[in-house]
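Chains, contacts and geometry: an overview
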Amino acid sequence: MVKTKEELTAIVDKTQKEQIAQLVEKIDKELEKNYTPGDRVTIYLPREPILHKKVIEEIKRLYKETGWTVIFDGNQRDGDYIMLF
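Here we come to the sheet that holds strand 2 (residues 70-75). Strand order in the open sheet made by the three strands is 1-3-2, with antiparallel pairing throughout. Edge positions in the open sheet fall to strand 1 (41-44) and strand 2, since each of these has one partner strand only. Sheet twist, expressed as the mean angle between neighbouring strand axes with direction ignored, is 25 degrees. Sheet topology places strand 1 next to strand 3 (residues 79-84); four bridges connect them, and they run antiparallel. Looking at strand 3, one finds that Val-41 is bridged to Leu-84. Packed on one face of the sheet, helix 3 (residues 53-65) meets strand 2 and strand 3 and runs near 145 degrees to strand 2.

Thresholds applied
- Residues numbered from 1 in each chain as written.
- Predicted model: local features only at pLDDT ≥ 70, side-chain atom pairs only at ≥ 80, totals over all residues.
- Heavy atoms only, no water.
- Pairing = 2+ DSSP bridges.
- Helix = DSSP H or I, 4+ residues; strand = E, 2+ residues; numbered from the N terminus.
- Axes fitted to C-alpha atoms, helices over the stretch in contact; angles between N-to-C directions.
- Contact = heavy atoms within 4.5 Å.

Here it is as structure tokens:
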């Protein structure tokens, strides 16, 4: 049976689930330490392993669902990062 784009997007393999859990733990710790109402928190993500787009999209979805504004960006010098406010 042919899978839809939505079904394929929802598939997250075991490694990606582990990455998501690790990132949520890291982001939550950074927010606990650094969040002040009205300010944004920038959290630098690990350069290795390279994060799959599904992992990034799931992180964004999880935090947006709980009321955070989420921006994912990056550059060659600093690497990938996520800003929450």
